[in-house]
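Listed here are the chains, written in short residue letters.
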Amino acid sequence: MLGTMMNSPLTLSALLHRAGRVFPGTSIVSRLADGSLHRYSYREFYLRALALAQGLQRIGMARGDRVASLMWNHYAHLEAYFGVPASGAVLHTLNLRLHADELAFIVNHAQDRFLIVDEILLPLYEKIRDQVRIERVFVVQHSDHALPSGYESYESLLAGNHIPLDAPQVDENEAAAMAYTSGTTGRPKGVVYSHRALALHAFSIALPDNFDISRNDVILPAMSMFHANAWGLPHAAIMTGASLVFPGMHLQPESLLELLQDERVTLTGGVPTIWLAVLRCMAQHPGRWCLQPGMRVLIAGSAAPESLFRSFDELGIEVIQPWGLTETTPMATICKLKPHMKDWPADRKYEMRAKQGLPSPFIELRVMGEKGELPWDGESAGEVQVRGPWVAASYFNMPEVTEPWTDDGWLKTGDAAHIDAEGYLKITDREKDLIKSGGEWISSIDLENALVAHAGVREAAVIAVEHPKWQERPLALVVIADADQPSPEELRAWLAKKFAKWQLPDEFVFVSELPHTSTGKLLKKELRKIYKDWYLTPPKT
């Protein structure tokens with residue numbers, strides 16, 4: 001008879017128990033709304049997460065019920081990340097930056113039963129209170145203020161619970177968490193994450209060739225815990241025993257730099273706009289902050305410009321660019337160089353590092369053209385599709401929505417890309433953001449990254465605008481970095497170093513700011529509406 005292996009479930013409960021027992025003294029630091037720091041240990045976190053699980057069961061929560069969270073990044077949100085799934089319920093992280101109407105739609109569509117909310121965010125909940133069917137609301141307080149009628153203290157939910165040795169047993173394929181997409185078109189769609197998917201994703205991103213997470217790390221998630229599982233960093237930290245530092249609502253450069261320095265952070269991450277602001281702040285105050293040598297910065301959400309890599313390299317800080325979607329839990333690829341690439345010329349290495357990278361183990365990629373799958377040659381561009389054990393196979397409670405998935409089980413991402421012979425993915429654009437001029441394609445992302453590399457440009461967006469002769473032409477919207485505004489001629493000459501003349505924007509429009517989605521992505525849909533007739537009937541100056 002052949003030998004067999006134990007069938008031990010991959011659950012967040014298992015990670016929680018191990019963390020509390022094996023790493024009891026590891027620290028978790030949170031900056032609260034008033035700017036003060038809250039500190040406690042893994043052991044305290046472990047006991048409170050179990051108390052949360054027991055409290056939810058005590059108030060009548062049923063298996064699979066949705067418990068919503070409306071919180072910033074801090075210790076109580078981490079407790080919900082593990083305590084809610086350990087109870088057999090599903091944590092639904094709500095995006096606090098959404099419009100009230102959209103937030104109400106999401107709560108109702110998810111059929112959230114309970115809510116855990118920051119006291120400082122109660123005014124936001126009040127806007128939707130009469131539109132949703134939340135049964136009980138528990139408030140995380142960091143003040144002595146009396147709660148308004150109808151609200152209960154989060155601490156009362158945890159108090160007086162008998163903590164058993166083991167949390168309730170859950171199956172690895174049961175739902176543990178859910179989040180809604182932040183796409184720029186259509187209604188948000190719910191993605192449900194199983195315990196198994198989250199556990200495997202945590203293992204994946206912790207690998208040395210991915211984020212290289214260990215118990216020696218101090219991790220500061222500067223991305224939102226309410227979006228895409230905070231890129232999996234809380235799960236991977238608890239799995240490995242890494243210390244955690246949460247910035248709360250304080251994402252200003254000075255506050256982040258203070259935490260990065262004082263807590264000796266070794267790994268952090270966030271969208272490009274956060275790090276561009278941090279770099280500007282450091283340039284304005286040279287020598288004020290001393291960061292850990294070799295600190296790693298994860299940059300995702302939108303493509304990181306090459307200038308970010310160069311600027312951080314000068315500071316001895318490593319930039320790592322991953323790629324993924326809400327539907328991929330979210331990390332599907334991560335970019336690090338292979339050994340033989342270390343000897344390449346600097347420019348070639350930067351070009352490679354700015355790609356989205358190699359697929360994680362068990363993640364499969366393919367690029368599809370009009371006639372089928374395209375070769376991995378770095379030239380053939382099409383839509384990138386993905387499948388794997390932490391990739392969604394459907395949306396929550398939307399059986400009629402089947403379009404993002406192919407008949408043979410791949411997720412269609414909507415990203416135009418190619419894969420080179422080394423296996424590195426490069427996103428050239430969102431398919432809807434590509435510019436087709438005179439029958440030829442122009443990448444808006446490449447133009448934007450090149451513009452941001454100019455010292456006088458803080459942010460840039462390039463959009464397709466209808467043109468009477470060429471079908472579409474690129475229009476550049478530019479936010480300047482300081483009072484010395486570069487001229488259109490200067491920017492055009494700057495771009496001409498890397499792009500053919502026909503690829504250059506016909507015009508440059510200088511604006512004070514650009515619109516973004518709730519998760520920091522450029523809202524190009526709105527820009528296309530505003531400037532759709534620019535080349536047909538340009539405004540008079």
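Residues numbered from 1 in each chain as written. Predicted model: local features only at pLDDT ≥ 70, side-chain atom pairs only at ≥ 80, totals over all residues. Heavy atoms only, no water.

Draft legend 1. Geometry of helix α9 (residues 253-262). Considered for burial, the residues of α9 that qualify are Pro253, Ser255, Leu256, Leu257, Leu259 and Leu260. Lining the buried residues of α9 we find β1 (27-31), β2 (37-41), β10 (218-221), β11 (243-246), β12 (267-270) and α10 (272-284). Remark: Arg264 follows α9 within two positions and exhibits a positive phi of approximately 55 degrees. (Buried < 20%, exposed > 50% of the residue type's maximum accessible area, 1.4 Å probe, protein only. Helix = DSSP H or I, 4+ residues; strand = E, 2+ residues; numbered from the N terminus. Contact = heavy atoms within 4.5 Å.)

Draft legend 2. Local environment of the sheet that holds strand β24 (residues 457-467). Taken in spatial order, the three strands line up as β24-β25-β26 in an open sheet, and their pairing is mixed. Edge positions in the sheet fall to β24 and β26 (507-510), since each has one partner strand and no second. The sheet shows a mean angle of 30 degrees between the axes of neighbouring strands, taken without regard to direction. Looking at chain direction, β24 and strand β25 (residues 471-480) are connected through ten bridges and run antiparallel. Opposite Ala460, over in β25, you have Val478 as the bridge partner. Helix α13 (residues 444-452) rests against β24, β25 and β26 of the sheet, and its axis sits at about 145 degrees to β24. Sitting on the sheet, helix α14 (residues 488-496) is in contact with β24, β25 and β26, with an inclination near 125 degrees to β26. (Pairing = 2+ DSSP bridges. Axes fitted to C-alpha atoms, helices over the stretch in contact; angles between N-to-C directions.)

Draft legend 3. Representation of the packing of aromatic side chains. Enumeration according to the criterion identifies seven aromatic pairs in this entry. Ring geometry for Phe45 versus Phe82: centroids 5.9 Å apart, planes at 90 degrees, classification edge-to-face. Of this pair, Phe45 sits in helix α2 (residues 42-58) while Phe82 sits in helix α3 (residues 75-86); the two residues are 37 residues apart in sequence, bridging distant segments of the chain. On the basis of relative accessibility, which here comes to 0%, the residue Phe45 falls in the buried class. With relative accessibility at 0%, the residue Phe82 sits in the buried group. Aromatic pair Trp275 and Phe312: ring centres 6.3 Å apart, planes at 75 degrees, arrangement edge-to-face. Placement of the pair is Trp275 in helix α10 and Phe312 in helix α11 (residues 306-314), with a sequence separation of 37 residues. Look at Trp275 and you get buried, because its relative accessible area is 1%. (Phe/Tyr/Trp six-rings, centres within 6.5 Å; stacked < 30°, edge-to-face > 60°.)

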